[in-house]
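The residues making up each chain are set out below.
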Amino acid sequence: MKILPLFRRGSLNCRAFLSPNHSSELLQSTPCSINNLRPAGNLLFNREKTSTHPEVCTRNHRSGMSRDILSACCWPMAGYPCTNPVEKPRITLVQERTDTDGSFLIATLLTNYLKLSPRNHVLLFATHQNASHYTSACQKLTFNTSAAIESGQLCIVDVLAQLYADCDGGNTPAPNGNRLLQSIIERLRALSPTQDTLVIVDDLGFFANLHPTGEDEVIDFAEELLCTVFQAVQHIVLKVNISECYRRLCAYISDLAQVNITLEPLPSGNFREVDGRLTVYRLAGESDRDLVQLREHHRTLLYKVCDRQIRTYLSGELGIKNL
């Protein structure tokens, strides 16, 4: 028996107790690279890359992670041909619980919709985050936000900046939620009918906190927004925080939405490799004869928001790392 040094990986010398004949047969019959070789005791095995390792998932499926998050939300992804075309939902409701932020999902839907067709336009009313935040987030998703804004394909309305636009000198104006809600409706009526516009409101709970606007006024606004046919508005995405203060508002929009997305933290606590859990419900079937529209559970994913991508995992996929 002869000890043959097979390879050196970093500072670790890996040797296998094999005869010269066996070692040559093994190396000839194993069509794998050095990175796929892994010592196990005194034997050398072919290291199979499985999807249970989070780092392996990131390496093998980095390009498909945005597709995973979009397909889970029932939206087609630009640049990926599909044999069964996915119809984009007209109304999508994003509900976020405490300690979660759905801004990453807004930026993902925004950039993907603009990439689907040059005729598509996006009108975003930002209240939870400002306009610069979404501009930076879209650029990290490899989308030229500046060119889209200059061409008019993307319009981001900073509601907080608009709220204090009429401030004269040092006088702070009283917030008026009704005026802000009415300005949104007026912008929608002024849109060109030749555009296929996606309207995003982030977040509706902001308007319920402005005097004299309350939850009832926001529900009236949601009814006018969702039930009125605006010729240029093809799709609507609304984001609201799940709270007892907005319980009736969430219930009303949830009845009208085709897709309901819930973002919530892990029930077991914080985990450094996962930010939260995404659960999607969609209509089981649309029929005018149904008095009550049934919903079905579509997908549940764990997600991690990184600097330039969103990692997705299945429940139970994360485990002990293979060292």
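Structure first, text after, so check above.
If you're wondering where the values come from, they're calculated on a predicted model, not measured in any experiment.

## Digging into the packing of aromatic side chains
Moving on, step 1. Counted according to the given criterion, the structure contains 3 aromatic pairs.
Moving on, step 2. Ring plane angle 80° and centroid distance 5.4 Å describe the contact between Phe206 and Phe207, whose orientation is recorded as edge-to-face. Per residue, the accessibility class of Phe206 equals that of Phe207, and both read buried.

## What about the sheet that holds strand E6 (residues 120-126)?
Moving on, step 1. Taken in spatial order, the 9 strands make up an open sheet running E7-E6-E8-E9-E5-E10-E11-E12-E13, and their pairing is mixed. Two strands bound the open sheet, and with one partner strand each, they are strand E7 (154-158) and strand E13 (310-313). Each neighbouring strand pair of the sheet contributes to a mean axis angle of 20°, computed without reference to strand direction.
Moving on, step 2. Pairing between strand E5 (residues 91-96) and strand E9 (residues 233-241): 6 bridges, direction parallel. Paired with Val94 across the strands is Lys239, a residue of E9.

## Notes on the nonpolar core
Moving on, step 1. Formed by 38 residues in total, the largest nonpolar core has its most connected members in Leu105, Ile261 and Leu278.
Moving on, step 2. With 8 residues, the top contributor of residues to this core is helix H4 (residues 103-116).
Moving on, step 3. With residues near it in sequence (within four places) discarded, Leu105 still touches Ile69, Cys73, Val94, Ile261 and Leu278.
Moving on, step 4. Membership of the second largest hydrophobic core comes to 35 residues, among which are Val159, Leu180, Phe206 and Leu238.

## Quick word on the packing of H4 against helix H5 (residues 131-140)
Moving on, step 1. The geometry of H4 relative to H5 is characterised by a closest axis approach of 10 Å and an angle of 60° between their N-to-C directions. Note that H4 runs across H5; the crossing there is right-handed. For the pair H4 and H5, contact is made by Ser103, Ile106, Ala107, Leu110 and Thr111 and by His133, Tyr134, Ala137 and Cys138, respectively.
Moving on, step 2. A class-by-class count of the residues in the contact of H4 with H5 yields 6 nonpolar, 3 polar and no charged.

## So, unusual backbone geometry
What is expected of a backbone is that most residues other than glycine have negative phi and most peptide bonds are trans.
Moving on, step 1. With an omega dihedral of 5°, the bond running from Asp202 to Asp203 counts as a cis peptide bond.
Moving on, step 2. Inspection of the secondary structure puts Asp203 in the loop between strand E8 (196-202) and helix H9 (205-208).
Moving on, step 3. The backbone of Asp99 shows a phi angle near 75°, a positive value even though the residue is not glycine.
Moving on, step 4. The topology assignment puts Asp99 in the loop between E5 and H4.
Moving on, step 5. Under the relative-accessibility criterion, Asp99 is labelled exposed at 71%.
Moving on, step 6. One non-glycine residue, Thr142, lies in the positive phi region at around 60°.
Moving on, step 7. By secondary structure assignment, the location of Thr142 is in the loop between H5 and helix H6 (145-151).

About the thresholds
Residues numbered from 1 in each chain as written. Predicted model: local features only at pLDDT ≥ 70, side-chain atom pairs only at ≥ 80, totals over all residues. Heavy atoms only, no water. Phe/Tyr/Trp six-rings, centres within 6.5 Å; stacked < 30°, edge-to-face > 60°. Buried < 20%, exposed > 50% of the residue type's maximum accessible area, 1.4 Å probe, protein only. Pairing = 2+ DSSP bridges. Helix = DSSP H or I, 4+ residues; strand = E, 2+ residues; numbered from the N terminus. Axes fitted to C-alpha atoms, helices over the stretch in contact; angles between N-to-C directions. Core = buried A, V, L, I, M, F, W, Y, C linked by side-chain atoms within 4.5 Å. Contact = heavy atoms within 4.5 Å. Left-handed = near helix turned anticlockwise from the far one by under 90°. Nonpolar A, V, L, I, M, F, W, Y, C, P; charged D, E, K, R; others polar.

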